[in-house]
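Each chain, letter by letter, is given below.
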Amino acid sequence: MSGIVLTDLTKSYGAFPVLRGISLNVEPGELFGFLGPNGAGKTTTIKIMTSLLLPSGGRVEVAGYDVVEDPYEVKRRVGFVPDRPFLYDKLTGSEFLEFVGHLYDLSPATVRERSHELIELFDLSEWIDELVEAYSHGMRQKLAMTSALLHEPEIIIIDEPTVGLDPRSQSRMKTLLSNLTAKGHTVFLSTHTLEIAEALCTRVAIIHRGEIIARGTVDELRREARREDSSLEEIFLGLTEGGGPVGEPSLV
Amino acid sequence: MKTLFYPRLAGLRREQRPGGIHRISVPIVLGLVFWAAFYLVMVRVLNHFTTVDPDLGRILAAKLLALLFLLWLSFLAFSALITAVTQIFLARDLPMWLAAPIPLRRLFRVKLVEIATLASWTAVFLAIPVWVAYGVVFGAGWTYYAALVVAVGCCVTIATSIGMLVAVALVNLFPARRARDLLSLVALMFIAAIVILLRALRPEEFVRPEDFGTWAEYLVSLSNPTLPWLPSYWAARLLGEVLGVYNAVHWDAVTLYGSLLVVGATVSTLAAAGVFREMFRTGYSKSQEARQVQWTRRLWWRRTLQSLARPFPRRVRAMIVKDVSTFFRDPGQWSQLFLLLAVVAIYLYNFRVLPLDAAGGTGYLLRDLLAFLNIGLVGFVVTALAARFILPGVSLEGHTLWLLQSSPLTIEEMLWAKFWSGFLPLVALAELLVVFSNALLQTTLLLSVISVATVLFLSAAIVGMAVGLGASHPRFDAPDSSQVTAGYAGFLFMVMSALLVLASVIVLAWPVYNSFRASWLGWGVGAGEWGGIAGGLVAVGGVSAIALFATMQAGSRRLEAREL
């Protein structure tokens, strides 16, 4: 199994540079946290990793495949949950899962079998035959998560996993993510919720103004920042407040 | 009030910036060409009326004005009702407005102006050449144009107020239904109105004066007012009186019909305001309630869809089943099938009432000519339907495209799934139209075969172009499909499709004419004629295939290169 390798990745929207040559290595089976303030380039990075955007430069390998040269091999091996999962309002939850399962070439029996467990896990069984338009934001998030796990992807990429989830679901989500990595899945997590990153992630990277300004385990970040008693939140704020001059990564 | 209009006005200003004059110059030129053509046709018709027989001509001109106003008001009323449902219950900015301390009377006024503008601009734009033609032919002075402003303003106000009133009342009368479901009801009402109008007008009688006992009876029948209790008649009568179409200007009639229009507009606005004030809040609340179980969620429906899509690969099948299911669950989409039924009914009805016998011994010539031209007509019907239902398909994926793009589904698979889910129903409808109209015309087997084959080729090409161009120029930000159809892709598609249809008819015209001439002259259709027809069909098939594959490939390539 392979993880995720980003090498000198750049991306510009017109003349505006969003990613300025970021490099990352996420090991297989790792739960990796990707942190950064709004507009730092998190979602752009994720979109490139999931083949939704083409990079301007550099190289991205996901599950051993180049996202530009072999996008469909990448897609087969990745499960993606965006921060705002727009779904088909006019399908029921079960129809949506069946549809997504078929996109990944799963048989109806496999879809039924795999979705059953996930539906129970996310407390969706009561709503699964209702139209998605009747779902709350949290329920949509859970349905999107269920659909992303249906094909048992090697790599799971999640943008803000707990937005809109109630406390019980947040707790279950944390357990689920831990279990997935225990089973050998790689999880790449982009989040603003620093306590989740602190509690779950084996390593984190902080992106700011299109550059990685820190990476490592939370303890490593503390040591390097010389803030041994600080929380990840304090480290994060210290690194990103005022921003520091662009192009001068502080801890990398 | 000014604040409430600000977001829309600011958005409109910004929308015009990119591309500048070049982007809007093509629609402006086309609009002017349309105006000029329509104006010239109207002037010619009215001049013909007044020069051939001045008395009958004036009656016919007055009758035509009343009929045109009736059709215009029907279109306006339908448009106002649809816009009212959308703007009062479905607009995205409504929750923000309703959460703000805006008095209901102010909200009503803003919505009245907004709906009137959105619903009427197309109708007014289309009718301007008619009104100007009347003014020019009858040598109108400023009073005509002043009366025209009053008449049009009152008709727009009446249609908008009634549209708002009916929309608010319907939401309250049909509890626990989401507002979108209303659109299907509205469409049903429209089809009923079309049928009633068709029967009330009996347009076929105008060309059959021989059906009347005497010339005087014919004239009296024409002079009788058509639906005199409708504002369309008041407006037409007001303008007719000012123009002196009724031999002289009768100022008492001008005052009467002008007053009726003003009073009608005032009363309808007050009534709508009252209903809005009393029923809007409860209606809006009801419109947010959960929907009922639908037949498209039954097991038999899903199984039928799955088995129909079985010949396709799994991913394409999943897309087809998804597209068909979501289409039938969105009343905003499927309710327009009622309009489709109305189009089909009117289409076939026209063939049934055509006065072919009036052509005497040459009726068969007219019959064959109509059957041949019918290929082009069906091509245009398919174009209109593809523009409405298929072209917006990729754009409507919009926010959900992340799911498809991040899955192993290729862009090509997605586009071909959209092609098949659009092509199969459209080609079935097109062939049905051709076969039925040919049967009504009792045309030859040869022409029927040519029609069926050509319509098959054209339908495939038109649907392919709709999917391909829709993918090449998607509008993911469009709030609904009509805005995609009205955009650049829609315009390009209409032009390309019309050219293809015209080219196909022109290519086939000569070999078809040769074969008909041979059979009319009793020579029988020989090898040369058959060869010509086969060659024509191969040419049409070839051009259609090129149009289909080229646009699909271009769409796939451009969508692939597009960044979300």
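See the structure above.
Residues numbered from 1 in each chain as written. Chains lettered and ligands numbered in written order. Predicted model: local features only at pLDDT ≥ 70, side-chain atom pairs only at ≥ 80, totals over all residues. Heavy atoms only, no water.

Caption draft 1: Spotlight on the overall build of chain A. Each helix and strand counted, chain A has nine helices and ten strands in total. A buried classification covers 55% of the 252 residues belonging to chain A. Restricting the contact set of chain A to residue pairs at least 6 apart, pairs at least 24 apart contribute 69%. When the accessible surface of chain A is totalled, it reaches about 10,400 Å², and 46% of it is carbon and sulfur. (Helix = DSSP H or I, 4+ residues; strand = E, 2+ residues; numbered from the N terminus. Buried < 20%, exposed > 50% of the residue type's maximum accessible area, 1.4 Å probe, protein only. Contact = heavy atoms within 4.5 Å. Areas by Shrake-Rupley, 256 points an atom, 1.4 Å probe, with all protein chains shown as cover.)

Caption draft 2: Quick peek at the nonpolar core. In terms of nonpolar packing, the biggest core is built from 156 residues, with Val 62, Phe 99, Leu 177 and Phe 188 of chain A touching the most fellow members. Among the elements that line this core, the one with the most residues is helix H19 (residues 445-472) of chain B, at 15 residues. Setting aside anything within four residues of it in sequence, one finds Phe 99 of chain A in contact with Tyr 88 and Leu 91 of chain A together with Ala 318, Met 319, Lys 322, Leu 403 and Leu 404 of chain B. (Core = buried A, V, L, I, M, F, W, Y, C linked by side-chain atoms within 4.5 Å.)

Caption draft 3: Seen up close, unusual backbone geometry. Residue and element names in this part refer to chain A. The residue Glu 152 is not glycine, and still its phi comes out positive at about 50°. Summarising the element assignment, Glu 152 is placed in the loop between helix H5 (137-149) and strand E7 (155-159). Even without being a glycine, Arg 209 presents a positive backbone phi close to 50°. Here Arg 209 lies in the loop between strand E9 (203-208) and strand E10 (211-216). We classify Arg 209 as partly exposed; its relative accessible area is 41%.

Caption draft 4: The sheet that holds strand E5 (residues 65-66) of chain A, seen in detail. Residues and elements named next belong to chain A. Read across the sheet, four strands follow the order E2-E1-E4-E5 without closing on themselves; strand pairing throughout is antiparallel. Taken across any chain shown, the strands that pair with only one partner, and hence form the sheet edges, are strand E2 (16-26) and E5. Across eight bridges, the pairing between strand E1 (residues 4-13) and E2 is antiparallel. What sits directly across from Val 5, in E2, is Asn 25. Contacting E1, E2 and strand E4 (57-62), helix H1 (residues 42-49) runs over the sheet at an angle of about 115° to E1. (Pairing = 2+ DSSP bridges. Axes fitted to C-alpha atoms, helices over the stretch in contact; angles between N-to-C directions.)

Caption draft 5: Geometry of the sheet that holds E10 of chain A. All names here are of chain A. Read from one edge of the open sheet, six strands run E6-E7-E8-E3-E9-E10, paired in mixed fashion. In this open sheet, the two edge strands, each paired with only one partner strand, are strand E6 (78-81) and E10. Each strand of the sheet is rotated relative to its neighbour by a mean of 15°, with strand direction disregarded. Pairing geometry for E9 and E10, over five bridges, is antiparallel. Across the sheet, residue Ile 206 finds its bridge partner in E10, namely Ala 214. The strands touched by H1 are strand E3 (31-35), E6, E7, strand E8 (186-191) and E9; relative to E7, the strand with the most contacts, the crossing angle is about 150°. Lying on the sheet, helix H9 (residues 232-240) is in contact with E3, E9 and E10; it crosses E9 at an angle near 25°.

Caption draft 6: Geometry of the side chain of Thr 181 of chain A. All names here are of chain A. One can find Thr 181 in helix H6 (residues 167-182). For Thr 181, a relative accessible area of 15% gives the class buried. A polar contact is formed between the side chain of Thr 181 and the backbone oxygen of Ser 178, at a distance of 2.8 Å. The contact partners of Thr 181, leaving out residues within four places of it in the chain, are Gly 29, Glu 30, Leu 31 and Val 187. (Polar contact = N/O pair within 3.5 Å; in protein donor to acceptor, adjacent residues only side chain to side chain.)

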